[in-house]
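# Fold and geometry: a report
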Amino acid sequence: VVKKLCIIILLCLANSFIGCKKFEKQNKNLIFITIDALRADHLGCYGYPRDTTPNIDKLAEKGIIFKYAFSHWPKTTPSMAIVFTGTYGYRNGIMGVARGQYFEERNLTLTEILKENGYQTAAIQTNAVMAQEANFHQGFDSYIETWKLKHLKQTDEFSQSLNPSIAKGVTLLAMDWLKKNHKKGKFFLWLHYIDPHASYMPPFPFNTKFVGDKYYNFDNRLSLSEHWGQHYDYIAKRHWSRTGGNNVIDYYISQYDGEIAYCDFCLERLFNLLEKLGLFDNTIIIISADHGESLGEHGYYFEHEGIHNNCFRVPLIWLIPPHKTKKKIVEYPVGLINIMPTILELLNIKITKDIQGKSLLPVINREKDYISKYVILSSFRNFSILDDKWKLTLLKTPFYIRIMGGKRQLLLQYLKDPEERINLYSQETAKLEAQKRLEKALSDWHTEAIYEIRKNLAEKRGVKYDKKTLQWLKSLGYIQ
Ligand SMILES: [Zn+2]
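Here's what I pulled together on the structure shown here. This structure is a prediction, so every number in the text was calculated from the model and none was measured.

### Describing unusual backbone geometry
The omega torsion across F204 and P205 is 0°, close enough to zero to call that bond cis. Within the secondary structure, P205 is located in the loop between strand 8 (187-193) and helix 7 (224-227). Here the amide bond leading from P321 into P322 is cis, since omega sits at 0°, within 30 degrees of zero. A positive phi angle, close to 60°, is found at R366, a residue other than glycine.

### Some words on helix 15 (residues 467-475)
It helps to recall that an α-helix has 3.6 residues per turn; residues three or four apart then point in one direction. Every buried residue of helix 15 is listed here: T469, W472 and L473. An end-on view of helix 15 places all buried positions within 100° of arc, on one side of the element. Looking at helix 15, the residues exposed on the side facing more than 90 degrees away from the buried face are K467 and Q471. Where helix 15 begins, one side-chain oxygen reaches toward the backbone nitrogen of K468, 3.3 Å away; that side chain belongs to D466.

### Things to note about the packing of aromatic side chains
Per the counting criterion, the structure on display carries 21 aromatic pairs. By the ring-pair criterion, three or more aromatic residues cluster together here, those being F32, F84, F140, Y143, F188 and W190.

### Let's talk about the pattern of salt bridges
Enumeration over the complete set of coordinates arrives at 17 salt bridges. Notably, a salt bridge pairs K115 with D141, separated by 2.4 Å at the nearest N-O pair. Taken together, the residues K115 in helix 5 (residues 110-116) and D141 in the loop between strand 4 (120-125) and strand 5 (142-145) connect sequence positions 26 residues apart. For D141, a relative accessible area of 43% corresponds to the partly exposed category. Several salt bridges converge on common partners, so that one network encompasses R39, D41 and E297.

### Things to note about the sheet that holds strand 15 (residues 334-335)
Two pairing modes exist for strands in a sheet, parallel and antiparallel, and in both the strands are linked by backbone hydrogen bonds. On the basis of which strands lie adjacent, the open sheet formed by three strands has the order 12-3-15 and mixed pairing. Pairing within the sheet leaves two strands with one partner each, and these edge strands are strand 12 (313-314) and strand 15. Inspection of the sheet shows strand 3 (residues 69-70) paired to strand 15 by two bridges, in the parallel sense. From the neighbouring strand, F70 faces strand 15, where its bridge partner is G335.

### Focus: helix 9 (residues 249-276)
The end-to-end C-alpha distance of helix 9 is 41 Å, a good match for the 40 Å that 28 residues give at a rise of 1.5 Å each. Most of helix 9 sits out of view: 21 of its 28 residues are buried. At the exit of helix 9 stands G278, carrying a positive phi of roughly 70°.

### Notes on the side chain of K28
Inspection of the secondary structure assignment puts K28 in the loop between helix 1 (2-21) and strand 1 (29-35). The charged side chain of K28 is buried without a salt bridge, its nearest counter-charge being D281 at 8.8 Å. Not counting the four nearest positions on each side in its chain, K28 is found in contact with Y119, D281, N282, T283, I284, P321 and L347.

### Structural notes on the environment of F188
For F188, the location among the structural elements is in strand 8. Sequence-wise, F188 and L114 are 74 residues apart; in three dimensions their C-alpha atoms are separated by 7.4 Å. For F188, the contacting residues outside a window of four places in its chain are L30, F32, F84, L110, T111, L114, Y119, Q120, T121, A122 and F140.

### Considering the nonpolar core
The biggest cluster of nonpolar side chains holds 113 residues, and the ones touching the most others in it are I33, F66, F188, L189, W190 and W318. A per-element tally of this core places helix 9 first, with 14 residues. In this view, W190 contacts F32, T34, M80, F84, A122, A123, I124, Q125, M130, F140 and Y143; residues no more than four positions away in its chain are not counted. Membership of the second largest hydrophobic core comes to 17 residues, among which are I82, Y90, L411 and A434.

What counts, and at which threshold
- Think of each chain on its own: its residues are numbered from 1, step by step along the sequence as written.
- Given that this is a predicted model, residues contribute local features only at a pLDDT of at least 70 and side-chain atom pairs are listed and counted only at 80 or more, while totals for whole chains, interfaces and linings are drawn from all residues.
- In computing side-chain values, all of the structure's heavy atoms are included and hydrogens and water are not.
- Only DSSP runs of H or I covering at least 4 residues are called helices, and only runs of E covering at least 2 are called strands; the numbering of each starts at the N terminus.
- Three exposure classes are used, based on accessible area relative to the maximum for each residue type with a 1.4 Å probe and protein chains only: buried under 20%, partly exposed in between, and exposed over 50%.
- In this context, the arc is that of the directions from the helix axis out to the C-beta atoms.
- Each polar contact in these results corresponds to two N or O atoms within 3.5 Å; when the atoms are within protein, one needs to be able to donate a hydrogen and the other to accept it, and residues that are neighboring in sequence are counted only if both atoms are side-chain atoms.
- Ring pairs shown here join Phe, Tyr and Trp side chains whose ring centres sit within 6.5 Å, with only the six-membered ring taken for Trp; geometry is labelled stacked below 30 degrees between planes, edge-to-face above 60, and tilted in between.
- We count a salt bridge whenever a side-chain nitrogen from Lys or Arg sits within 4 Å of a carboxyl oxygen from Asp or Glu.
- The pairing criterion is simple: DSSP has to find at least two bridges between the two strands.
- Here, expected helix span is obtained from the residue count minus one, scaled by 1.5 Å.
- Neither His nor the chain ends contribute to the count of charged residues, in which Lys and Arg are positive and Asp and Glu negative.
- Contacts are assigned to residue pairs with any non-hydrogen atoms lying within 4.5 Å of each other.
- Definition of nonpolar core: a set of buried residues of the types Ala, Val, Leu, Ile, Met, Phe, Trp, Tyr and Cys, connected through side-chain atoms within 4.5 Å.

Given below as structure tokens:
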């Protein structure tokens, strides 16, 4: 009897252990939230001292936090094309500039696969570079482009008349969609928020929330005269003129943080609704960003096409039911290319096409420390490769070579040196094992990419936008 009891207790323990530790494949809804230009280190759950994201932090307490998650290309379209196809730009066809990139029909997207597998698919989308004209709506039953909508009329306390492209608008549209559709069957809902994207103009009280607080440095100034005509002077100039000539860098940072806090504030409403509708227990929630943002570091002001981690490093938070577990932190760096295969493995859906991302489920379940040893980053013709300590960057464009003081190679220990200032690259390649290893891995990746590009060099289609889309692109700064 004692023996039997012991076995039963052991089995129970084993079961609860597995129950706590592992996420089984499941048949669940999916809500994917991407917040444009949200850098990881400005969220509370990523260690930011300002209280920008209390609601996301609360959610993350029960989730999986990828501490070092990287966008592969710090612009919206190339980054999101990678996320939605699990393939690099040279395969999915979206490379380089932000606008005018057509998302080819030949791509098999996450949305299309989910739709094929019986999901209702809907998006509420605020960035015009991913407009229907550019074919980013592939696979979506409903693709709401907020900038094409009339201002929303609301009866609740949210607002009277509301711009649908700001966080409140997106949230209201999402809540409305959920109320109407959550009972109709399993769903995939993608929400793309734009608020932290420049220009940073959060509504009251978020525009004053961080101004002059204890982290605010009045002496940190935009050195406009020095950078005018060399770096992102036109961007700095645009901000400068919109704010009536404010040259305190921390003012812009306080506004950027205000946008994040505003977004988080609105998300609380969405999370409350999920709770009310009982959706938390059968919905996977992912929170991430398309890329980060440079807030004055290395002379880049309020843009995100740079070569440093402030433009590449993004939050990546997963909430996978059942939510019994405490927060898990994954330390090994990962790329967003892995989101799609991870989702599909979790939802027990087989991928019929050969993709380049790999499922992170074994990492989430702590069966492995990492799936891919390296993460590849690119910004135009500049490429980086990183592992869990080192980042090697090879610069090709004269613009970056010039601003990095003529250097064409950078080798950084990005954890020890988060500002990426100490270049350890040596001309004698044999000197550092890491340098040699990373150069070889990047060169292998390149060889494969070039081979495939040559093989598949397809005719590219241009994009024709409508008037409203053009206006919105202009106000986001994509068009001058
Ligand atoms: Zn973006």
